[in-house]
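Summary of the model geometry
Given next are the chains, with one letter for each unit.
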Amino acid sequence: MMRRFELTDAQWEQIAPLLPPQKPRTGRPAEDHRQVLNGMLWILRTGAPWEDLPARYGAVGTVSSRLWPLLRGGARVVCVSSAGHHASPMRWDDVQFERDYDKWLAYGQSKTANALFALHVDRIGRDDGIRAFSLHPGKIFTPLQRHLAPEEMVAAGWLDASGAPADPTFKTPGQGAATAVWAATSRQLDGLGGLYCEDCDVASVAHEASFVGVSPYAIDLEEAERLWSLSSKMAGFDRHGRPR
């Protein structure tokens, strides 16, 4: 029975040929690739901690440790950040916003974290042939806006008084997906990694919060390593991604 968040048969048929052959494991159950990927999707789509992973997906250590070998030898990891990262660097004294919560600062920090994650994945993965990129897809009307009041979007100039789109700089979903596809497939990026992209190009460094380009703090290697260590600790893994 297929559950919500899991790969459909059609999706699996497209992905399966890209994966290495299953290897029999003497004396132990085989680690099914589809089961492992479904476990990863469950974590990504629910936002739940690893320790809450349902038993049907296998052991937590199995699911979390199987992705890296599947990426070796030429994969690209693409993380969708946003120009919203200009709103906030990492707030190391209050990463979880346990005081003075502000939704836009929290969103900005989360997008800075996306960029820093890609930066560190590229740093530790390049010897295995794994490169990583982050990107700004552009402003797009998606279900994300369901969390905003119409009045707020009118005040921001995104909608007019009737609720119709009013900002011509918004992209269609297809246009918004273009930079992610480019980052994943473009030969222009062969041999490169750790870059922040926008509009199907490598972004320039922005030294002011212009919401164009990438802020220096989102491509800082020390910040990326610090975030990796903190994330590993919070998720219950050591800094190499192994369960504690």
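Notes on the structure follow.

Cut-off values and rules
Residues numbered from 1 in each chain as written. Predicted model: local features only at pLDDT ≥ 70, side-chain atom pairs only at ≥ 80, totals over all residues. Heavy atoms only, no water. Core = buried A, V, L, I, M, F, W, Y, C linked by side-chain atoms within 4.5 Å. Buried < 20%, exposed > 50% of the residue type's maximum accessible area, 1.4 Å probe, protein only. Helix = DSSP H or I, 4+ residues; strand = E, 2+ residues; numbered from the N terminus. Contact = heavy atoms within 4.5 Å. Polar contact = N/O pair within 3.5 Å; in protein donor to acceptor, adjacent residues only side chain to side chain. Expected span 1.5 Å × (residues − 1). Pairing = 2+ DSSP bridges. Salt bridge = Lys/Arg side-chain N within 4 Å of Asp/Glu carboxyl O. Phe/Tyr/Trp six-rings, centres within 6.5 Å; stacked < 30°, edge-to-face > 60°. Lys NZ or Arg CZ within 6 Å of the ring centre and 35° of its normal. Axes fitted to C-alpha atoms, helices over the stretch in contact; angles between N-to-C directions.

Attention now moves to the nonpolar core. The biggest cluster of nonpolar side chains holds 9 residues, and these are L71, A75, V77, C79, A118, V121, I130, A132 and W228. Elements represented by at least two residues in this core include exactly β1 (76–80) and α4 (103–125). Setting aside residues no more than four positions away along its own chain, A75 makes contact with G129, I130 and R131.

Along the chain, D122 turns up in helix α4. Within the structure, the side chain of D122 is placed 2.7 Å from the side chain of R131, a separation counted as a polar contact. In contact with D122, other than residues within four places in its own chain, are I130, R131, A132, L192, G193 and G194.

Let us look at α4. With 23 residues, α4 ought to run about 33 Å at 1.5 Å a step, and its terminal C-alpha atoms sit 32 Å apart, in line with that. Of the residues flanking the start of α4, the one acting as N-cap is D102, its side-chain oxygen 2.9 Å from the backbone nitrogen of W104.

Along β1, the buried face is formed by V77 and C79; none of R76, V78 and V80, which line the opposite face, is buried. Where β1 lies against strand β2 (residues 131–136), 5 bridges are found, and the strand directions are parallel. In the strand pairing of β2, V80 is matched with L135.

What follows concerns the pattern of salt bridges. Inspection of the entire model under this criterion finds 12 salt bridges. Across the salt bridge formed by R34 and D9, the nearest N and O atoms sit 2.9 Å from each other. Of this pair, R34 sits in helix α2 (residues 33–46) while D9 sits in helix α1 (residues 9–15); the two residues are 25 residues apart in sequence, bridging distant segments of the chain. Across the pair R76 and D190 runs a salt bridge whose closest N-O atoms are separated by 2.7 Å. With R76 in strand β1 and D190 in the loop between α6 (173–185) and β3 (195–198), this residue pair connects regions lying 114 residues apart in the sequence. Because the salt bridges share partners, they merge into one network encompassing R76, R187 and D190.

This next bit is on the packing of aromatic side chains. In the structure shown here, the tally under the stated rule is 5 aromatic pairs. On the numbers, 6.0 Å between centres and 80 degrees between planes, the contact of F97 with Y101 is edge-to-face. With a centroid separation of 5.8 Å and 20 degrees between ring planes, the pair formed by F117 and W228 is classed as stacked. With a gap of 111 residues between them, F117 in helix α4 and W228 in helix α7 (residues 221–235) connect regions that are remote in the sequence. Positioned over the ring face of F97 is R91, at 4.0 Å from the centre of the ring.

With parallel pairing, the 3 strands of this open sheet are ordered in space as β1-β2-β3. Here the strands that pair on one side only, and so sit at the sheet edges, are β1 and β3. Averaged over all pairs of adjacent strands, the angle between strand axes in this sheet comes to 30 degrees, irrespective of strand direction. Pairing of β2 with β3, which is carried by 4 bridges, proceeds in the parallel orientation. The partner of F133 across the bridge, within β3, is L195. Packing against the sheet, α4 makes contact with β1, β2 and β3, and its axis sits at approximately 160 degrees to β2. Packed on one face of the sheet, α6 meets β1, β2 and β3 and runs near 160 degrees to β1.

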